[in-house]
Number of protein chains: 2
Amino acid sequence: MLNKLSSVQCFGGQQLRFEHSSKVLNCTMQFSVFLPPQAEQSRVPALYWLSGLTCTDENFSSKAGAQRTAAELGLALIIPDTSPRGDDVPDAEDGAYDFGLGAGFYVNATQEPFAKHYQMDSYVVDELRHLVEAELPVNSLRSIAGHSMGGHGAIALALRNPGLYRSVSAFAPIAHPSSCPWGRKAFTGYLGSDPKAWRDYDSVEMIQAGKPCPPLFVDQGDADQFLPEQLGFDALKVACESSQIDATLRLQAGYDHSYYFIASFITDHLRFHAQYLVD
Amino acid sequence: MLNKLSSVQCFGGQQLRFEHSSKVLNCTMQFSVFLPPQAEQSRVPALYWLSGLTCTDENFSSKAGAQRTAAELGLALIIPDTSPRGDDVPDAEDGAYDFGLGAGFYVNATQEPFAKHYQMDSYVVDELRHLVEAELPVNSLRSIAGHSMGGHGAIALALRNPGLYRSVSAFAPIAHPSSCPWGRKAFTGYLGSDPKAWRDYDSVEMIQAGKPCPPLFVDQGDADQFLPEQLGFDALKVACESSQIDATLRLQAGYDHSYYFIASFITDHLRFHAQYLVD
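- Within an unreviewed UniProt entry, the label attached to chain A reads S-formylglutathione hydrolase, and the organism entered is Pseudidiomarina aestuarii.
- Under Catalytic activity (unreviewed entry), UniProt gives the following word-for-word description of chain A: "S-formylglutathione + H2O = formate + glutathione + H(+)".

Spelled out as structure tokens, the structure:
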């Protein structure tokens, strides 16, 4: 099922890249995995990392520096791509960076011509998870995290699937997509123009509606150029404060939206998740 | 003199990119710098990082994860490009990756048409150093390190300039360029076909000739695809063992030539240098 494309030793573990035929997405997909050294002895817990707009599975793998602490804590990192891929997969008509290829927004599209391929919710939550747990030395303890569009994806998928993820964290998430340009564009294109159809993928709205959430940890840079218009940090904070969610939201002075921000705090996120990834 | 292109906060310090007009190279150059948080209070020591074939200043900046430990230790990282750049700069006729642009080999070329621009030795040792120490909050305590072609550069420049660098380290250096295909091609092109002209840029030959060397630390992966033909690790080991150099050479089981290898051990290198970068 899995075709191993590459394997490189890193911090005593293995940084791997796989290719497989996705039934859910109707295309060939690639994803990356870091297996810590502990995985040679026994199955290890897994942290799923959902990346942001324009990324593939390789950005986080090469730029976040997460392997160091993941190796120390014995966590596998599972890093999917950000959209279906391939010549048959429809892209934004204008080749925009914020819709279509590289911008799947972790939803199951209902609109044509996207519905056939853009089923990233089911891909991450079901197909990739089952594949990884069947074929790699990971156990069923799992958490989820992500950046920007992937931060939205991580929180939304955790809220939509109670009990599936032990904890959730995000860097600069698009936390309230129904109310920002990126989210409205993507949700209109994938889910249709009726905002009612967006509610079940909008983290702020799901929290406001009382959906249960695993422990949540968010870092947001206050020098992030996308903070004012796109990211909904304040709305997320208000929603968490008025709910019963165990949430820690940090506004980090001076940090922007880049992988230099992620690298600076990824260890805190990994340690946060590790405390919940034990039986 | 320095035009700041970007500044991003990282581990409490600043990841910076600059552009300047290089008199030595006769072109516009870009380079990257990490300033640790300690540089806001006082001048800090600097580690120069020389990158490998095909790299710019951005590979190490984004992939090595060095800022974490550099911030902890209070070290600045100075990261030059790997060759002169620009439309006026001659490249390899066949566009090869291992000669010309991205492959300056840290020598002062004597051969046409390269001599006008390919003066990377003087650029790193003199021009960039003076510029950095005049315009940035670094002091005159400095060490040098690099990867592959840049590992060759680091060791060769340290050997050619006694007293200039407090310590030197390398990942998978091209330690004996006169005896490998990469080195022979580059040295022939830049320095001419007489191997006598290569000796003063060949680390193994300089060590054999008794040149003094600051404390040296080398990591080499034993799964490095370039180890058998290009890297001269055994020759370097023999040369060091027969000299009075304070050298530690480690063969790391399972590691390849990539930035995943560098990331795995960069903290050891930074700690090695830090012990010598004190008054």
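## A word on the pairing of strand 8 (residues 216–221) of chain B
Residues and elements named next belong to chain B.
Alright, step 1. Buried residues dominate strand 8, accounting for six of its six residues.
Alright, step 2. A two-sided burial pattern is seen for strand 8, the buried positions comprising Leu216, Val218 and Gln220 on one face and Phe217, Asp219 and Gly221 on the other.
Alright, step 3. In this sheet, strand 8 lies alongside strand 7 (residues 168–171) in parallel orientation, the contact comprising four bridges. Paired with Val168 across the bridge in strand 8 is Leu216.

## Comments concerning the packing of aromatic side chains
Residues and elements named next belong to chain A.
Alright, step 1. Inspection of the entire model under this criterion finds 40 aromatic pairs over all chains.
Alright, step 2. Each ring, one from Phe171 and one from Phe261, has its centre 5.5 Å from the other, and the planes form 85 degrees; the classification is edge-to-face. Linking Phe171 in strand 7 (residues 168–171) with Phe261 in helix 9 (residues 259–274), this pair joins segments that are 90 residues apart in sequence.
Alright, step 3. On the basis of relative accessibility, which here comes to 0%, the residue Phe261 falls in the buried class.
Alright, step 4. Every member of this aromatic cluster is reached through a ring pair, and the members are Trp49, Phe60, Phe171, Tyr255, Phe261 and Phe265.
Alright, step 5. Against the face of Tyr201 rests Arg160, its NZ or CZ located 3.9 Å from the ring centre.

## Considerations on the UniProt feature "active site" (unreviewed entry) in chain A
Residue and element names in this part refer to chain A.
Alright, step 1. Mapped onto this numbering, the UniProt entry annotates "active site" (unreviewed entry) at Ser148, Asp224 and His257. For this annotated set, covering 110 residues, all C-alpha atoms fall within 10.8 Å of each other, a compact arrangement in space.
Alright, step 2. If you trace the backbone, Ser148 turns up in the loop between strand 6 (138–147) and helix 4 (149–160).
Alright, step 3. Since its relative accessible area comes to 3%, Ser148 is described here as buried.
Alright, step 4. Residues in contact with Ser148, not counting those within four places in the same chain, are Phe171, Ala172, Pro173, Ile174, Trp182, Leu231 and His257.

## Let's talk about the interface of chain B and chain A
Alright, step 1. Listed as interface residues are 22 residues of chain B and, on the opposing side, 22 residues of chain A.
Alright, step 2. Summed over both sides, the interface of chain B with chain A buries roughly 1800 Å², with 51% coming from carbon and sulfur.
Alright, step 3. A per-residue breakdown of the area chain B buries against chain A is headed by B:Gln9, B:Arg68 and B:Tyr260, which together make up 37% of the total.
Alright, step 4. Summed over the shared surface of chain B and chain A, the result is zero salt bridges.
Alright, step 5. The interface formed by chain B and chain A holds 10 residue pairs in polar contact (both at pLDDT 80 or more) in total.
Alright, step 6. For the side of chain B that touches chain A, the secondary structure elements donating two or more residues are strand 1 (3–10), helix 1 (57–63), helix 2 (67–73) and helix 9 (259–274) of chain B.
Alright, step 7. It is helix 9 of chain B that contributes the most residues to the side of chain B that touches chain A, five residues altogether.
Alright, step 8. For the side of chain B that touches chain A, the per-class residue count stands at eight nonpolar, 11 polar and three charged.

## A look at unusual backbone geometry
Residue and element names in this part refer to chain A.
Alright, step 1. With omega at 5 degrees, the peptide bond leading from Glu112 into Pro113 counts as cis.
Alright, step 2. Considering the arrangement of structural elements, one finds Pro113 in the loop between strand 5 (76–80) and helix 3 (120–135).
Alright, step 3. For Phe11, which is not glycine, the phi torsion reads 50 degrees and is therefore positive.
Alright, step 4. Tracing the backbone shows Phe11 in the loop between strand 1 (3–10) and strand 2 (13–22).

## Structural notes on the pattern of salt bridges
Between side chains of opposite charge, pairing is possible as soon as their charged atoms come close.
Alright, step 1. Applying the stated rule across the entire model yields 22 salt bridges over all chains.
Alright, step 2. A salt bridge links A:Asp126 to A:Arg129; the shortest N-O distance between them is 3.7 Å. Taken together, the residues span about one helical turn, with A:Asp126 and A:Arg129 both in helix 3 at a distance of three residues.
Alright, step 3. Ionic pairing is found between B:Glu133 and B:Arg142, a salt bridge with its closest N-O pair at 2.6 Å.
Alright, step 4. Take B:Glu133: its relative accessible area is 19%, and that puts it in the buried class.
Alright, step 5. A residue is classified by how much of its surface remains accessible, and B:Arg142, at 6% relative accessible area, is buried.

## Description of the state of the cysteines
All names here are of chain A.
Alright, step 1. Overall, the coordinates contain zero disulfides over all chains when judged by the stated rule.
Alright, step 2. Of all cysteine sulfurs in the structure, the one in Cys240 sits closest to Cys180, which takes part in no disulfide; the separation is 17 Å.
Alright, step 3. With relative accessibility at 1%, the residue Cys180 sits in the buried group.
Alright, step 4. With no disulfide of its own, Cys240 lies 7.0 Å from the sulfur of Cys213, the closest cysteine sulfur.

## Regarding the relation of the copies chain B and chain A
Alright, step 1. In the superposition of chain B on chain A (RMSD 0.0 Å, axial shift 0.0 Å), the rotation amounts to 180 degrees. As the rotation angle and translation indicate, the two copies are arranged about a two-fold axis.
Alright, step 2. When you check the interface residues of chain B against chain A, 100% turn up at the interface there too, and the contact is symmetric in its surfaces.

Rules of the game
- Residues numbered from 1 in each chain as written.
- Chains lettered and ligands numbered in written order.
- Predicted model: local features only at pLDDT ≥ 70, side-chain atom pairs only at ≥ 80, totals over all residues.
- Heavy atoms only, no water.
- UniProt positions renumbered as here; feature names shortened; annotations may be inferred.
- Buried < 20%, exposed > 50% of the residue type's maximum accessible area, 1.4 Å probe, protein only.
- Helix = DSSP H or I, 4+ residues; strand = E, 2+ residues; numbered from the N terminus.
- Pairing = 2+ DSSP bridges.
- Phe/Tyr/Trp six-rings, centres within 6.5 Å; stacked < 30°, edge-to-face > 60°.
- Lys NZ or Arg CZ within 6 Å of the ring centre and 35° of its normal.
- Contact = heavy atoms within 4.5 Å.
- Buried area = accessible area lost by both parts, 1.4 Å probe.
- Salt bridge = Lys/Arg side-chain N within 4 Å of Asp/Glu carboxyl O.
- Polar contact = N/O pair within 3.5 Å; in protein donor to acceptor, adjacent residues only side chain to side chain.
- Nonpolar A, V, L, I, M, F, W, Y, C, P; charged D, E, K, R; others polar.
- Disulfide = S-S within 2.5 Å.
- Least-squares fit on C-alpha atoms with pLDDT ≥ 70 in both.

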